[in-house]
Amino acid sequence: LDLLEGPADVALAMPGAIVQDGVPVRRVNFHARGDRLDMDGAELSPGPNDPRVAEVLEAISAQCCLVKTVVNEHWVDFIDQLQGPRFRTCTSMPPPMGIGMRLFGGTSSYTLGVIWDRRKLDLSDAFIWPSGYFAKSDYNVDANGRLLNGREKALVTLEQLMHSNETKTYRHQLTGDDVTEKVLPYNEVLTFVEGVVGIVGICVRSSEITHLLWALGIRSLLQRALPALGELPLFVHDPERGMRPVGRAAQSKVVHEFLQALHPHAAVADGTVGMPCMPIDTRLLELSVLEQIRFHGTYGLTSDALSSVLQGLAMNEASDTSQESSSQLSIPQAEGQRQMLNLCPDAARTILAFGLHQAVLSDNSASAMSLLRLVAPVLFSATTVPNAALSLAGRAGTAQGQLVRSCSSDSRFSDVLHRICSRSFSRGVLVAVGSLVALEDFASGRMLPRIVEACHQLEGWLDNSNSFVFRVGSWHELSNHSGAGHDAAFSAFVTKRAVGNRRQFHDELLELERLEESRDLLHGMQHLRSLISHLHHPCLRLEILQHILGLDSRFDLSAVQAVANLALSIIAAPGSTPRAEDEPILPKDSRATSFLRLEAAACHMQGLVHPEVDAQYAGS
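Remember, it's a predicted structure, so these values are computed and weren't measured experimentally.

Here the focus is the overall build of the chain. Tallying secondary structure elements over the chain gives 23 helices and 13 strands in all. Residues counted as buried form 56% of the 620 residues belonging to the chain. Partitioning the intrachain contacts of the chain with sequence separation of at least 6 by distance along the chain shows that 78% fall at a separation of at least 24. With the model as given, the accessible surface of the chain reaches about 25300 Å², and the carbon-plus-sulfur share is 52%.

Structure representation (structure tokens):
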């Protein structure tokens, strides 16, 4: 609770989500300059655990590497090409160590590049143009490999290109003069590539934190879409200092500095269209459990990384319990479902409160949704793990420790959830937090008095509903209160259709009351979803439902319906995600724009579906 004290509009300080009718995708702005990582410390140098770094540095030093910069929003399209047959693509061959050459495109639009070892490629039919000559091969090489508009006259050999790189000389395309400069323009090597053959690394073109996080996310996407790549080494390239490796220690520091600063450049506050936050696989980074959960809320972990963090925590908890308690940790799952976490309820409450709090501050509904689907089933399963000392509560003197103590009982947990819900403002976050509020209040019995109160309210209205004057007055009061008065609503009150609707609604609430008294959570949520699905233009009934569920007026009918659907999906298939683990990570709908497909891939990496791209594919 101490963490949640402060201005009610604290979440508005980081409006980084693009609100959609579903899972918003948080975005980063690459056009605003941000904090940079200081990479000069010896402790950030690559160590023995950084694979293939020395091999790639040797290849770069010997001018044996080719680099292709990719438009930020076209990464899914490019990976699609890598998954298909061989194709021609434009690359550049940097000078030794990458020093003294600008790569193609601007840093804010072409932030990352792929590195190939050309010795593993067949360059026998490659077309090579020197620095300073803009071949524009996309337009001047046809599908059959014929050069157009005199491009064959400017071709050079690989040896000539290497000599030009070493001497920093090139011929100016307009004047024809030989020019020697400290920094060369990019050259072009148009060659065939196929699959993962020859790919040895990724380069990012600045040391800005947002750019490095983007690189880590795209690397996770590449590794998931093309598993044969393994963990690609990461390099920072700039023309003056060349290629510098970013080892795991430096990658961990990127996350540390992002969390410490939470600088505004990580969010789009001015409406500028940025890139989706691509979830990052942190399993090999030197980060604590708290840091990873906090990072998930503010930016995003892949579903595999988040599951690994929470399963590791569960294993630590299990080791602290007695052998007899440990025997209760096996929870059978239906075939095809993810194994549910073996956390004790106190641990689950703390993780949910802390993680959702961070997601709300960043308005990151995708992370809120993925955390909820993994952890919430622990609280609402028929089989639970005995409470044990929470291993992430060791920092009792910190704000995180205060939150741990405040969530150790379910009564305080409900207070925390309602406080978090009051800070939520986009639809996706509202639905995620609201579904947990509804589940917690139903499971604990705190919903029962509100159901009884609602039934009494309806009974009082129904007792007077035979009076035409009363019904008209009720319609007038409701229309003034909600602004919903219209001909159809008025006719419903005149013809007593409203009476029938509210009598049926009352009877359904009585059934919900019975299910709440017996704490039948599964059938209670099923009944709630069915009840809401029968509503068409509710006014009083919507207000009653908001009150029963502990939600406020921001939850319109569609949001309340989404809350019920999500709550039911959490308890009906505990530990499951909307997407199967073996589904392709890239979106299947090739008709969607490149940007939407990138957003969809970001959702898929967290085990979620994209509300537009996946729905279009399912509809087709």
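Our next topic: helix α11 (residues 365–379). The end-to-end C-alpha distance of α11 is 21 Å, a good match for the 21 Å that 15 residues give at a rise of 1.5 Å each. Of all the bends found along α11, the most pronounced is centred on R373 and spans about 40°, while P377, a proline, follows it within four residues. Among the 15 residues in α11, 15 count as buried, and that is most of the element.

On to the sheet that holds strand β11 (residues 234–238), then. Pairing is mixed in the open sheet, where five strands are placed in the order β3-β5-β10-β11-β12. Since the sheet does not close on itself, it has two edges, and those belong to β3 (65–70) and β12 (242–246), each with one partner. Taking each pair of neighbouring strands and ignoring which way they run, the sheet shows an average axis angle of 35°. The pairing of β3 with strand β5 (residues 112–117) spans six bridges and is classified as antiparallel. When the sheet's bridge partners are listed, V70 is paired in β5 with L112. Here helix α1 (residues 53–61) sits on the sheet and contacts β3, β5, β10 (199–204), β11 and β12; the angle it forms with β12, its principal contact strand, is near 180°.

Below, the discussion takes up the pattern of salt bridges. Following the criterion strictly, the structure yields 19 salt bridges and no others. Close ionic contact of D178 with R171 constitutes a salt bridge, the shortest N to O distance being 3.1 Å. Since its relative accessible area comes to 53%, R171 is described here as exposed. If you follow the salt bridges from partner to partner, you end up with E440, D441, R446 and R450 in one network.

What follows covers the environment of D238. Relative to the assigned elements, D238 resides in strand β11. On the basis of relative accessible area, D238 is assigned to the buried category, the value being 19%. C-alpha of D238 to C-alpha of M101: the two residues are 137 residues apart in sequence and 8.1 Å apart in space. Among the polar contacts made by the side chain of D238, one reaches the main-chain amide nitrogen of E240 at a distance of 3.0 Å.

Attention now goes to the pairing of strand β9 (residues 188–193). Moving residue by residue along a regular strand, the side chains alternate between the two faces of the sheet. With six of its six residues buried, β9 lies for the most part within the structure. Alternating positions in β9 separate into two faces, E188, L190 and F192 on one and V189, T191 and V193 on the other, with burial throughout. Judged from the five bridges that link them, strand β4 (residues 87–91) and β9 form a sheet pairing that is antiparallel. Of the residues in β9, the one forming a bridge with T89 is T191. Pairing geometry for strand β6 (residues 127–129) and β9, over three bridges, is antiparallel.

Along the chain, S131 turns up in the loop between β6 and α3 (137–140). Within the structure, the side chain of S131 is placed 2.8 Å from the backbone oxygen of P185, a separation counted as a polar contact. In this structure S131 touches M101, Y170, R171, L184, P185, Y186 and N187, once residues within four positions along its chain are discounted.

Helix-helix packing: each pair is described by the crossing angle between the helix axes and the interaxial distance. Taken N-terminus to C-terminus, the directions of helix α5 (residues 209–225) and helix α22 (residues 594–605) make an angle of 75°; their axes are 11 Å apart at the nearest point. It follows from the interaxial angle that α5 and α22 lie roughly perpendicular. Only L598, A601 and M605 of α22 make contact with α5, whose side of the interface consists of W214, G217, S220 and L221. Grouping the constituent residues of the contact of α5 with α22 by class yields five nonpolar, two polar and no charged.

Turning next to helix α20 (residues 540–549). Among the ten residues that make up α20, eight are buried, leaving the element largely enclosed by the rest of the structure. Every buried residue of α20 is accounted for by L540, R541, L542, I544, L545, Q546, I548 and L549. Positive phi appears at G550, one or two residues downstream of α20, with a value of about 75°.

Turning our attention to the packing of aromatic side chains. One pass over the structure, following the stated rule, counts eleven aromatic pairs. Residues F258 and Y299 carry aromatic rings whose centres are separated by 5.7 Å and whose planes lie at 85° to one another, so their mutual orientation is edge-to-face. Highlighted residues: F258 in helix α6 (residues 248–261) and Y299 in the loop between α7 (289–298) and α8 (303–320), separated in sequence by 41 residues. The same class applies to F258 and to Y299, which are both buried. A ring pair is formed by F295 and Y299, whose centres lie 5.3 Å apart and whose planes are at 15°; its orientation type is stacked. An aromatic cluster is built from W75, F78, F87 and W116, whose rings are joined through pairwise contacts. Lying across the ring of W461, R502 places its NZ or CZ 4.4 Å from the centre.

Here we take up unusual backbone geometry. Located in the positive-phi region is D363, a residue other than glycine, with phi close to 50°. Structurally, D363 can be placed in the loop between α10 (345–361) and α11. Residue class for D363 comes out buried when judged on its relative accessible area of 2%. A positive phi angle, close to 55°, is found at R519, a residue other than glycine. Relative to the elements of secondary structure, R519 occurs in the loop between α18 (497–517) and α19 (521–533).

Residue placement: S207 occurs in the loop between β10 and α5. For S207, the residues in contact, after removing those within four places along its chain, are D35, R36, L37, M39, L212 and V236.

As a further point, take the confidence of the model for the chain. Per-residue pLDDT for the chain has a mean of 81; in total, 78% of the residues score no lower than 70. Across residues 263–273, where pLDDT falls below 50, the model places 29 contacts with residues more than four positions away in sequence or in other chains.

Before going further, it helps to examine the environment of A353. Topologically, A353 is positioned in helix α10. When the C-alpha positions of A353 and V416 are compared, they lie 6.9 Å apart, and in sequence the two are 63 residues distant.

The rules behind each value
- Residues numbered from 1 in each chain as written.
- Predicted model: local features only at pLDDT ≥ 70, side-chain atom pairs only at ≥ 80, totals over all residues.
- Heavy atoms only, no water.
- Helix = DSSP H or I, 4+ residues; strand = E, 2+ residues; numbered from the N terminus.
- Buried < 20%, exposed > 50% of the residue type's maximum accessible area, 1.4 Å probe, protein only.
- Contact = heavy atoms within 4.5 Å.
- Areas by Shrake-Rupley, 256 points an atom, 1.4 Å probe, with all protein chains shown as cover.
- Expected span 1.5 Å × (residues − 1).
- Bend = angle between axes of the 7 residues up to and from the residue.
- Pairing = 2+ DSSP bridges.
- Axes fitted to C-alpha atoms, helices over the stretch in contact; angles between N-to-C directions.
- Salt bridge = Lys/Arg side-chain N within 4 Å of Asp/Glu carboxyl O.
- Polar contact = N/O pair within 3.5 Å; in protein donor to acceptor, adjacent residues only side chain to side chain.
- Parallel < 35°, antiparallel > 145°, perpendicular 65-115°, else oblique.
- Nonpolar A, V, L, I, M, F, W, Y, C, P; charged D, E, K, R; others polar.
- Phe/Tyr/Trp six-rings, centres within 6.5 Å; stacked < 30°, edge-to-face > 60°.
- Lys NZ or Arg CZ within 6 Å of the ring centre and 35° of its normal.
- pLDDT = per-residue confidence, 0-100.

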